Each structure stands twice: as C-alpha cells, then as structure tokens.
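Observations on the three-dimensional arrangement
Listed below, chain by chain, are the residues.
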Amino acid sequence: MRLFLLTFFFLYGGTHLYLFLKIKSAVPFSAFTGACLAFFLLVMMLAPMLVRVLEKEGMELSARLMAYTGYVWMGFLFLFFSSSLAIDVYHGLLHVAGYVSRRDFTLFSLSNRTALVIPLAWGVITAVYGYFEARNIRTERITLTSPKIPQSSGKLTIVQISDVHLGLIVRDVRLQAILDKVKEASPDILVSTGDLVDGQVDGLAGLSELLREVRPRYGKFAVTGNHELYAGFNHSLKFMQSAGFRVLQGEAVILPGLITIAGVDDPVINRSSGSASEEEQRLLSGFPKEIYTVLLKHRPAIDKESLGRFDLQLSGHVHKGQLFPFNLVTYLFYPVKAGINHYPRNTALYVSRGTGTWGPPIRFLAPPEITIIELVHG
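Just so it is clear, the model here is predicted, and its values are computed rather than measured.

Another point: the packing of aromatic side chains. Enumeration according to the criterion identifies 13 aromatic pairs in this entry. Taking the centre distance of 6.2 Å and the plane angle of 90° together, the rings of tyrosine 129 and phenylalanine 364 count as edge-to-face. Pair noted here: tyrosine 129 is in helix H4 (residues 112–133) and phenylalanine 364 is in the loop between strand S11 (347–351) and strand S12 (369–377), with a separation of 235 residues, a long-range link. For tyrosine 129, a relative accessible area of 44% gives the class partly exposed.

Structural data, given as structure tokens:
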C-alpha cells in the first residue's frame with residue numbers, strides 16, 4: 001500500500017509539473033502568478049489524501065466538496081495530459097523525420113500556445129461529456145447455454161453489478177438509478193463482484209436499506225475487492241451483509257437443482273493467509289463437474305489451473321480503463337476485453353466495465369453497466 005501511494009504521488013505530481021511547465025512555456029507570467037498556480041496545483045495533487053483526512057475527522061461536507069473538486073480535476077488532468085502527450089509525440093516524429101530526411105518540417109509544428117489550448121479545450125469538453133456518460137447506466141445482456149443447466153428450470157437470470165464504489169461521490173441518487181435498472185431485470189440472483197464500497201463505511205447511512213429492497217428469488221452474493229480493504233475490511237463486510245449480500249470468502253453455495261456459486265477474496269486480502277491461487281484451487285476442486293459453476297472473482301485474471309473446474313467467471317476491477325486511453329494501461333496488467341471472453345474446456349469470463357466510478361466521476365468511452373446473464377439449457 002505504501003509503495004502504491006509513493007508511486008501514485010510520484011506520477012501524479014509529475015503530471016502536475018508537466019502542466020505547469022506547459023503553461024509557463026506558452027503564457028509568460030509573473031513570479032506571483034507562478035506561485036499562485038503552483039500552490040493550486042499542489043493542493044489538487046494532495047486532494048485525494050486531503051479527502052481521506054477530512055473524512056476520518058468526520059467533516060463529511062468538506063470531504064465531499066474536496067472529493068468532487070479534486071477528482072473532477074484528476075479526470076480533466078488525465079485527459080489534458082494524454083492529448084498533450086500525443087502532440088509531443090507528433091512533434092517528436094516531425095523532428096525525427098527532419099533529421100532523417102535533412103528537411104525542415106517546422107512548418108507543420110504547433111506553437112506552444114496552440115499546443116496548450118488544444119489539450120485544455122479537449123480536457124474540458126471531454127470531462128463535461130464524461131460526467132454525464134458516467135450517469136448513463138447501460139444494460140448489457142448475454143445468453144449462455146450449457147447442458148449443465150437443468151431444462152426444467154427454464155431461464156436462470158443473474159444480474160451482475162461491479163465496482164459501484166459507494167462513498168463520497170457515488171451515493172443514494174446514483175445507487176437508486178442502479179437499483180432501478182436491477183429491478184427492471186427481475187433477477188433470480190444478484191451478484192456484486194467487488195468494490196461495492198469505496199471510502200469510509202461510516203458515512204453510508206441509508207444505502208444498505210436501498211440495497212435490501214432488492215430481493216431476488218435465490219439470493220444475493222458478493223465478493224470483496226481491493227477497496228473493501230481500503231475502506232476498512234470488517235466495516236465493509238458488515239455493510240455488505242446488512243445490505244442483504246452473502247459474502248463468499250473462499251466458499252460456495254449450491255443452489256439445489258440449479259447451479260453452484262463460488263467466490264474468493266481479492267488477493268490484497270489474501271496476502272497474509274497464503275496464495276490466492278491455492279485458495280481458489282482448494283475451493284473449486286470439490287465441486288461436482290456436472291453442476292454449472294459460477295465463480296465470482298474481482299480481478300479479471302483466469303488461473304490456468306482452474307480451467308474446466310468452473311463454467312463462468314464474473315469479474316470487474318478494470319472499469320475498461322474508465323477514461324480512454326487509460327484502458328491501454330489496464331490492458332497491460334489484465335489483457336482481456338470488456339464483455340465475454342472464451343477459454344478452453346468450456347470456460348468463460350465476463351468482465352464488467354463497472355457500474356459506478358472510482359476517483360473522477362467521469363467516464364469516457366467506457367460507459368457504466370449492469371449485466372444481465374441469462375443461463376439456459378442447451
């Protein structure tokens with residue numbers, strides 16, 4: 001965790017320095033203006049940490065204001081940085097082309113001011129669009145057939161939510177919109193594949209009652225994500241249980257005559273208790289293969305040793321990058337596509353884009369989703 005924070009602030013601080021230098025090269029300013037700009041960027045860089053401090057001190061209103069300001073800024077800054085970096089790469093290619101061909105291509109380059117204005121405009125426009133996209137919850141529907149699904153049961157409907165990140169930003173209004181979509185689907189089973197909560201659980205009064213209103217025929221099941229640990233593991237478990245979820249921690253529930261639902265903790269929780277892979281193998285090894293098995297696992301990583309021991313894995317975690325082109329970074333760590341992925345031995349993985357937002361309340365080319373999985377005999 002400490003290494004993650006150091007890496008995060010090193011990269012985030014470097015991005016702020018990059019913006020400062022871009023502004024300085026394009027718009028000359030006085031020492032006083034530079035000091036004011038530097039102070040503002042410093043506060044914005046520290047905003048994620050200030051949010052947690054204010055939250056722990058019980059200053060919820062101040063924490064929410066700082067969260068909205070700091071995280072909207074974070075989204076804007078990423079969009080600015082990615083587009084500005086693209087311009088820098090373009091200028092670099094012009095320089096290389098000129099060096100190789102011994103010709104002058106400076107005519108095709110942008111001035112410092114133009115190279116600043118374009119990414120600034122792109123960042124603002126895209127952030128505004130992304131703010132509304134994050135609230136436009138899509139319904140994704142897939143149908144999977146298997147001879148293991150009893151023909152007598154007809155269609156079995158599982159609704160998946162993932163990465164809701166209930167906290168200072170995603171609260172009752174967003175949660176109600178999510179649950180309205182869930183209720184429309186009339187699920188037989190509701191599952192949450194991690195990161196249901198984000199910050200301190202103490203400030204989530206009333207949200208568990210909203211979740212309790214959803215009562216599927218065969219129950220609600222959840223697994224932990226990394227943010228359940230960050231929010232306070234025991235408090236997160238109590239919140240999920242009070243919301244009506246059965247939290248599966250290296251255990252399974254057999255729904256007689258239907259399917260098996262298994263779930264494992266996120267690896268950050270397993271570090272002190274052994275290998276997550278070993279726990280998964282122990283869990284899956286005891287299931288009868290003739291029963292359809294759904295594995296709930298926060299991170300979209302398939303253990304090769306597990307192939308054939310379950311039929312469908314439901315995961316989230318990566319948000320499809322949440323802000324394009326950050327999906328190119330997440331793909332380096334989890335090289336799977338959002339949606340359905342098929343593997344040998346009749347194994348499938350469905351990766352949700354996530355239902356809420358982490359950090360910036362913005363999504364770009366990665367709209368939020370609830371997923372309807374229909375299992376039928378075939």
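Having seen the structure, we can now continue with the description.
Another aspect to go through is the nonpolar core. Counting residues in hydrophobic clusters, the biggest one holds 32 residues, and the most contacted among them are Ile161, Leu166, Val182, Leu196, Leu211, Phe239 and Phe245. Elements with a contribution of two residues or more to this core: strand S2 (156–161), helix H5 (172–185), helix H6 (207–212), helix H8 (233–242), helix H9 (267–270) and S12. Here this core takes five residues from H5, the largest share from any one element. With residues up to four places along the chain from it excluded, the contact list for phenylalanine 245 reads Ile161, Leu190, Ser192, Leu196, Leu211, Lys220, Phe221, Ala222 and Met240.

Moving on to the sheet that holds strand S4 (residues 220–223). Strand order in the open sheet formed by six strands is S1-S12-S2-S3-S4-S5, with mixed pairing between adjacent strands. One side of each edge strand has no neighbouring strand; the edge strands of this open sheet are strand S1 (138–146) and strand S5 (246–247). Where strand S3 (residues 189–193) meets S4, four bridges bridge the pair, whose relative direction is parallel. Following the sheet pairing, valine 191 is matched in S4 by phenylalanine 221. Its contacts with the sheet place H5 against S1, S2, S3 and S12, and it is angled at close to 170° to S2.

Conventions and cut-offs
Residues numbered from 1 in each chain as written. Predicted model: local features only at pLDDT ≥ 70, side-chain atom pairs only at ≥ 80, totals over all residues. Heavy atoms only, no water. Phe/Tyr/Trp six-rings, centres within 6.5 Å; stacked < 30°, edge-to-face > 60°. Helix = DSSP H or I, 4+ residues; strand = E, 2+ residues; numbered from the N terminus. Buried < 20%, exposed > 50% of the residue type's maximum accessible area, 1.4 Å probe, protein only. Core = buried A, V, L, I, M, F, W, Y, C linked by side-chain atoms within 4.5 Å. Contact = heavy atoms within 4.5 Å. Pairing = 2+ DSSP bridges. Axes fitted to C-alpha atoms, helices over the stretch in contact; angles between N-to-C directions.

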